[in-house]
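Chain residues, written in single-letter form:
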Amino acid sequence: MKYLKAILKEALRLHPPLPTLVPRVARQDAKVMAYDVAKGTRVIINAWTIARDPKVLIPFGSGRRGCPGVAFAMTTNESVLANLLYNFDWVLPNGGKEDDLDMNEQIGFTVRKKTPLLVTAKPLSI
Ligand code: HEM
């Protein structure tokens with residue numbers, strides 16, 4: 001389970017569903033590090049680039065407007081993924097090889113796989 005959690009975190013770090021988080025507008029003049037941010041400036045955070053640093057995990061944003069659903073999302077994802085892996089064997093159809101998988105992503109409201117993942121589930125109890 002520790003390994004599964006690590007995979008979940010790493011997948012979210014490298015493939016954040018909201019790579020530029022949610023755009024914000026500065027309510028007042030502010031200074032962030034060395035930068036002057038004028039009132040009314042639209043601020044877009046490039047979380048995708050920030051998260052290339054393996055020490056950083058910000059798929060849920062950060063600070064006061066960070067995602068309040070982080071604990072719910074992580075436990076739900078963990079539980080669903082653990083059950084899918086525990087109860088089924090997963091293979092690619094038609095003798096497909098893992099290396100041939102198209103891992104390209106497509107931008108939309110959230111980022112998702114460009115080509116849907118097609119897999120065959122074989123119940124382990126049979
Ligand atoms: C893997 C799943 C999820 C991801 C990656 C995600 C990601 C995010 C991100 C990046 C933000 C913007 C944070 C910022 O601008 O700093 C956000 C905001 C928010 N999320 Fe999530 N989220 C997820 C699941 C959820 C769930 C399950 C809930 C509720 C049950 C939720 C509720 C919210 C709400 C209400 C906000 C707005 C917070 C605010 O503006 O103050 N999210 N989320």
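Definitions and cut-offs
Residues numbered from 1 in each chain as written. Predicted model: local features only at pLDDT ≥ 70, side-chain atom pairs only at ≥ 80, totals over all residues. Heavy atoms only, no water. Helix = DSSP H or I, 4+ residues; strand = E, 2+ residues; numbered from the N terminus. Rg over C-alpha atoms; globule rule 2.2 N^0.38 Å. Buried < 20%, exposed > 50% of the residue type's maximum accessible area, 1.4 Å probe, protein only. Contact = heavy atoms within 4.5 Å. Areas by Shrake-Rupley, 256 points an atom, 1.4 Å probe, with all protein chains shown as cover. Axes fitted to C-alpha atoms, helices over the stretch in contact; angles between N-to-C directions. Parallel < 35°, antiparallel > 145°, perpendicular 65-115°, else oblique. Left-handed = near helix turned anticlockwise from the far one by under 90°. Nonpolar A, V, L, I, M, F, W, Y, C, P; charged D, E, K, R; others polar. pLDDT = per-residue confidence, 0-100. Salt bridge = Lys/Arg side-chain N within 4 Å of Asp/Glu carboxyl O. Lys, Arg positive; Asp, Glu negative; His and termini not counted. Near = heavy atom within 4 Å. Polar contact = N/O pair within 3.5 Å; in protein donor to acceptor, adjacent residues only side chain to side chain.

Looking only at helices and strands, the protein has 3 helices and 8 strands in total. Going residue by residue from the N terminus, the α and β elements of the protein occur as α-β-β-β-β-α-α-β-β-β-β. Scaling as 2.2 N^0.38, a compact globule of 126 residues should have a C-alpha radius of gyration of about 14 Å, whereas the protein reaches 19 Å, well beyond that. Based on the C-alpha atoms only, the size of the protein along its principal axes is roughly 65 × 30 × 25 Å. By the burial criterion, 16% of the 126 residues in the protein qualify as buried. Taking the contacts inside the protein whose residues are at least 6 apart along the sequence as the reference set, 59% of them involve residues at least 24 apart. With the model as given, the accessible surface of the protein reaches about 10300 Å², and the carbon-plus-sulfur share is 62%.

Moving on to the packing of helix H1 (residues 2-14) against helix H3 (residues 70-87). The geometry of H1 relative to H3 is characterised by a closest axis approach of 10 Å and an angle of 120° between their N-to-C directions. What the angle tells us is that H1 and H3 run oblique. As for how H1 packs across H3, the hand of that crossing is right-handed. Between H1, through Leu4, Lys5, Leu8, Lys9 and Leu12, and H3, the contact on the second element is made entirely by Met74, Asn77, Glu78, Leu81, Ala82 and Leu85. Classifying every residue of the contact of H1 with H3 gives 7 nonpolar, 1 polar and 3 charged.

Residues of the protein with pLDDT of at least 70 account for 99%, and the chain-wide mean is 93. H3 holds the highest mean pLDDT among the elements of the protein, 96, whereas strand E7 (residues 112-113) holds the lowest, 92.

This part covers the pattern of salt bridges. Following the criterion strictly, the structure yields 2 salt bridges and no others. A salt bridge links Arg13 to Glu10, with the nearest nitrogen and oxygen atoms 2.8 Å apart. Of this pair, Arg13 and Glu10 both sit in helix H1, separated by 3 residues, roughly a single helical turn. Owing to a relative accessible area of 7%, Arg13 belongs among the buried residues under this scheme.

Bringing the side chain of Glu78 into the picture now. By the secondary structure assignment, Glu78 is in helix H3. For the buried Glu78, which has no salt bridge, the nearest side chain bearing the opposite charge is Lys5, at an N-O separation of 4.1 Å.

Another point: the site of the ligand. Near the ligand you find 17 residues, and of these Arg24, Pro59, Phe60, Arg65 and Cys67 are the closest. The side chain of Arg24 places a nitrogen or oxygen atom 2.9 Å from an oxygen atom of the ligand. Here an oxygen atom of the ligand and a side-chain polar atom of Arg65 are 2.7 Å apart. Top element by residues in the shell around the ligand is H3. It accounts for 3 residues. Among the residues making up the shell around the ligand, the classes are represented as 10 nonpolar, 5 polar and 2 charged.

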